Amino acid sequence: MDFNDTPQEAEFRKEVRSWLDANAPKHLEAELKRASFGSNGLESEDPIKASKAWQKKKAEAGWACLHWPKEYGGGARSAMERVIWSQEEGPYAVLSGLFTIGHGMCGPTVMEWANEEWKERLLPPLASGEEVWCQLFSEPASGSDLAGLRTKAVKADDGSGDWIINGQKIWTSGAQNSDWGLLITRTDPDVPKHKGLTMFFLRMDSPGVKVVPIKQANGASGFNEVYFDDVRIPDDQRLGDVGNGWKVSLTTLMNERLSIGSGMSTGFPELFKFCMDMEIDGEAATADSGVRSKLAQFAVKQSGLKYTGMRAISALSKGETPGPENSIGKLVAGATMQELAMYALDLQGEAGVVWNEVSPQNGRFQAMLMRSPATRIEGGSDEILRNIIGERVLGLPGDIRVDKDVPFKEIPTSGKAKA
Amino acid sequence: MNLDFSDEQKQLRDQVRRFLKENCPPAAVRAILEGGDAYDAKLYQGLADLGVLGAAIPEEYGGVGLGHLELCVVAEELGRVLAPVPVASTVYLGAECLMQAGSEDQKQAWLPKISAGQAIGCWAINEGSGRMQPSKVALTFDGKTVSGSKAPITDGEIADFAIVLAKEGGELSLCLVDLSGNGVTREALDSIDPTRGQAKLTFDGTPATRIGSAGDGWHIATQVMDRAAILIGFEQLGGADRALEMGRDYALDRMAFGRQIGSFQAVKHILADMYVSATLARSNCYYGAWALSSSAAELPIAAATARVSATNAFQHCAKNNIQVHGGMGFTWAFDCHLYYRRSNALALTIGSLSTWESLLIERMSAGNVEAAA
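Residues numbered from 1 in each chain as written. Chains lettered and ligands numbered in written order. Predicted model: local features only at pLDDT ≥ 70, side-chain atom pairs only at ≥ 80, totals over all residues.

With respect to the overall build of chain A
Piece 1. Helix and strand content of chain A: 12 helices and 10 strands.
Piece 2. Overall, chain A is about 80 × 65 × 45 Å in size when its C-alpha atoms are taken along their principal axes.
Piece 3. Split into buried and exposed, the 419 residues of chain A put 38% on the buried side.
Piece 4. Taking as baseline every contact in chain A between residues at least 6 positions apart, the subset at least 24 positions apart corresponds to 69%. (Helix = DSSP H or I, 4+ residues; strand = E, 2+ residues; numbered from the N terminus. Buried ≥ 20, exposed ≤ 12 C-beta atoms within 10 Å, placed from the backbone. Contact = placed C-beta atoms within 7 Å.)

Comments concerning the overall build of chain B
Piece 1. Along its length, chain B carries 11 helices and nine strands.
Piece 2. The globule rule puts the C-alpha radius of gyration for 373 residues at 21 Å, and the 20 Å found for chain B is close to it.
Piece 3. In terms of overall dimensions, chain B has a C-alpha envelope of 70 × 50 × 40 Å along the principal axes.
Piece 4. Within chain B, the fraction of its 373 residues that count as buried is 57%.
Piece 5. Counting only contacts in chain B whose residues sit at least 6 apart along the sequence, the fraction spanning at least 24 positions is 74%. (Rg over C-alpha atoms; globule rule 2.2 N^0.38 Å.)

Brief notes about the interface of chain B and chain A
Piece 1. Contacts between the two partners involve 42 residues from chain B, matched on the other side by 44 residues from chain A.
Piece 2. At the level of elements, α7 (217–253), β9 (259–260), α8 (265–294), α9 (299–325) and α11 (353–366) of chain B are the ones that each hand at least two residues to the side of chain B that touches chain A.
Piece 3. Residue composition of the side of chain B that touches chain A, by class: 21 nonpolar, 16 polar and five charged. (Nonpolar A, V, L, I, M, F, W, Y, C, P; charged D, E, K, R; others polar.)

Some details on the confidence of the model for chain B
Piece 1. When the pLDDT values of chain B are averaged, the result is 96; 98% of them are 70 or greater.
Piece 2. Both scores are given for the predicted complex: the pTM is 0.94, the ipTM 0.96. (pLDDT = per-residue confidence, 0-100.)

Some thoughts on unusual backbone geometry
Residue and element names in this part refer to chain B.
Piece 1. With omega at -10 degrees, the peptide bond leading from alanine 151 into proline 152 counts as cis.
Piece 2. Mapped onto the elements of the fold, proline 152 is located in strand β3 (residues 145–154).
Piece 3. Although it is not a glycine, aspartate 155 adopts a positive phi angle of roughly 65 degrees.
Piece 4. Mapped onto the elements of the fold, aspartate 155 is located in the loop between β3 and β4 (161–168).
Piece 5. Residue classification places aspartate 155 among the buried positions, given that 25 C-beta atoms sit within 10 Å.
Piece 6. Of note in the backbone geometry, isoleucine 350 takes a positive phi value of approximately 40 degrees without being a glycine.
Piece 7. Inspection of the secondary structure puts isoleucine 350 in the loop between α10 (336–346) and α11.

Quick look at the domain arrangement of chain A
Piece 1. Once the domains are mapped, chain A shows domain 1 (7–127), domain 2 (133–251) and domain 3 (268–380).
Piece 2. For domain 1 of chain A and domain 3 of chain A, the distance between their C-alpha centres works out to 27 Å. (Domains from an automatic or database assignment.)

A word on the packing of helix α5 (residues 87–101) of chain B against helix α6 (residues 104–116) of chain B
All names here are of chain B.
Piece 1. Remark: α5 packs on α6, axes separated minimally by 10 Å, with the N-to-C direction vectors making an angle of 155 degrees. Here α5 is positioned roughly antiparallel relative to α6, judged by the angle of their axes. Here α5 and α6 pass one another in a crossing that is left-handed. When α5 is examined against α6, the residues Thr90, Val91, Gly94, Ala95 and Leu98 are found in contact with a partner set consisting of Gln106, Lys107, Trp110, Leu111 and Ile114.
Piece 2. Residue classes in the contact of α5 with α6 are distributed as six nonpolar, three polar and one charged. (Axes fitted to C-alpha atoms, helices over the stretch in contact; angles between N-to-C directions. Parallel < 35°, antiparallel > 145°, perpendicular 65-115°, else oblique. Left-handed = near helix turned anticlockwise from the far one by under 90°.)

Overview of the pairing of strand β5 (residues 197–203) of chain A
Residues and elements named next belong to chain A.
Piece 1. For β5, the buried fraction is high: six of the seven residues fall into the buried class.
Piece 2. Across seven bridges, the pairing between strand β4 (residues 180–186) and β5 is antiparallel. The partner of arginine 186 across the bridge, within β5, is leucine 197.
Piece 3. In the sheet, β5 pairs with strand β8 (residues 238–239) via two bridges, with the strands oriented antiparallel. (Pairing = 2+ DSSP bridges.)

Re the packing of helix α5 (residues 100–113) of chain A against helix α7 (residues 245–254) of chain A
Residue and element names in this part refer to chain A.
Piece 1. The interhelical angle for the contact between α5 and α7, taken along N-to-C directions, is 135 degrees, at an axis separation of 8 Å. Considered as vectors, α5 and α7 are oriented oblique to each other. α5 and α7 meet at a crossing whose hand is right-handed. On α7, the residues touching Met105, Pro108, Thr109, Glu112 and Trp113 of α5 are Val248, Thr251 and Thr252.
Piece 2. Looking at the contact of α5 with α7, its residues break down into four nonpolar, three polar and one charged.

Concerning the domain arrangement of chain B
Residue and element names in this part refer to chain B.
Piece 1. For chain B, the assigned domains read domain 1 (7–87 + 102–118), domain 2 (122–217) and domain 3 (219–372).
Piece 2. With centres defined by C-alpha atoms, the gap from domain 1 to domain 2 works out at 23 Å.
Piece 3. With 11 residues of domain 1 at the contact, the number on the domain 2 side is 11 residues.
Piece 4. Take the side of domain 1 that touches domain 2: its biggest share by element is three residues, from helix α2 (residues 26–34).
Piece 5. Among the residues forming the side of domain 1 that touches domain 2, the class breakdown is nine nonpolar, two polar and no charged.

Let's talk about the nonpolar core
Piece 1. In terms of nonpolar packing, the biggest core is built from 217 residues, with B:Val164 and B:Leu271 touching the most fellow members.
Piece 2. If we ignore the near neighbours within four places in the chain, the residues touching B:Val164 are B:Ala124, B:Leu139, B:Val146, B:Lys150, B:Cys175, B:Val177 and B:Ala208.
Piece 3. A:Leu28, A:Ala50, A:Val94 and A:Leu95 belong to the second largest nonpolar core, which has seven residues in total. (Core = buried A, V, L, I, M, F, W, Y, C linked by C-beta atoms within 7 Å.)

Now the structure itself:
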């Protein structure tokens, strides 16, 4: 056992370091490191412009979309090389947040399902950050049960072959900054829910598309609602066959960005520093036995995630496929951060209620408290993740699905008791 | 990066697993629980013959001269089957202590016998209830003999030698005591886990030799317990994994309301959470194994991390294994309680959970904040 690079890995790391050293936007480093939880925190520059500029620079030097083939603007690098890149990119990786969904999910779906002409048109500007993509999947009435979506696509009656879209999507990250959207719709309500879906992509400036930011429970607005009012999409922007949308969506969902090696944040380093700096009865808080027990429990979760990531990297380094252990990442990180934030406020006493610039660490723990409920829901809720672990890792049977063979239009839409 | 065992180490794991399947089925554990013997002597000799007891002992002292990663692999397998043998007392604590701090004579006298399965050791630190701490030690060492009592001592009833923490003048020293000497009284103690016997040892002018320097007792003991914590962590990890498998298998087998109970999310989510805690523990134990095998500067932090995480996992998996089994899990006939017993006994040995939690943060605070990331 060791934590060392192989000679080839060390060579690659050296190459990455020297390129970053010469090219990274160092004037933004301090600001990016201070990034408050849930935003990239740039104030001195427009965050979108800064993100696009960095992506373009990377693309020109061959460091964009390392997992994509070269002909579409990628770097054709191995999984292990991607891990090393992300370790070295450090604080500048925050600037890639704008492209996460496009590069990790939309791009691979286009690559798998679009024709060659479209691939050549769409993928290179996506890789270089000139065009931004969003994913239009979730709806107000279909979150965990994605296949229950209702946004309708019907053939235009003018013989053009175009599709007319009506409905609403929700929780769309970055819709306001996106040029393109990957859209899943219902084309046939007369068949069971998974069978009547069709996938499209469209310009986000198409007439009839309206993006409305959602004011979240924490007061911020990172997500949007997207409304479709008679939006017209040409048939050649359909991905896969009519009625095959569920299968296409699985390509997207399976390509969720490999978080291997980056390790999800639990907030522990911040809490530990806070406790090192604070006193209880004239002694460091870390000398208090109650504080120690709590901190130790957070610490072993943090390190457990860190070394779980390293076990996955070890597998990649040997050319093997990582095991299912990475499936615990978000489940542990989300719940830990929420509990940790509550504890950090508890240590602040009644002053923990105050959330302003004089709050410890500039209000970071209050921000974690208010953001962490979302972490436990987005991208697969804690409950869905437990189902996935139970069914795919432990081999337990799936739940009985009462709507599986029922035509979509006959599935009940309201749980309210009848009068 | 290679945070995994080697192919050879995995082969050793398979070999030990096959051996234990044959020689340590649940019936063998139950025989110790229900019978009169304090441990499974035949199994213990079999492990010695397999070369397992001397895995990390150098060849010059009669060992196999492999290393600590191999010992970690063995510990996990012993933990999986709840092997009712004194390996932790004898090897993780006894042999480790002698290898770390023993004199040449002490090593020559005991290490070959430990490897051969001919000497059982015990770690005699505790003196009664409450957290283990230096100020509580009353047993004395006068340079030649020890006098006083120690309890509870795991495997104290069957041990051939004891490593005893004693007051020497105003300081603490570690002593090696041949338990066949004069003035030794042993008293078996009832415990929550009879598959690992507990005893009270009383010494009255019993001959002893010091291990290391006078006044170094607590320091050496701490170093030895750090190393043992990682190995015991692997035993806990093995137990946690097996308890998870038992719960999973039962959830697949047992029908209620016309379906397998594992299809109910209330049950499935319990099992998913067991998988999470076992996975965190495995990753933390691998970190510990790396530190142990490379004698890294991070060893004290890695040991406490592995120990806290493995204790969490085994207790969590063992208690919820019973929950998944429902009423059947609380019967004597099902094996769930064997894991529950062992998980709670191991949670207390060489310092309880809260002791290790405290150590972890004390060490992180004393070290660098980097360790927190």
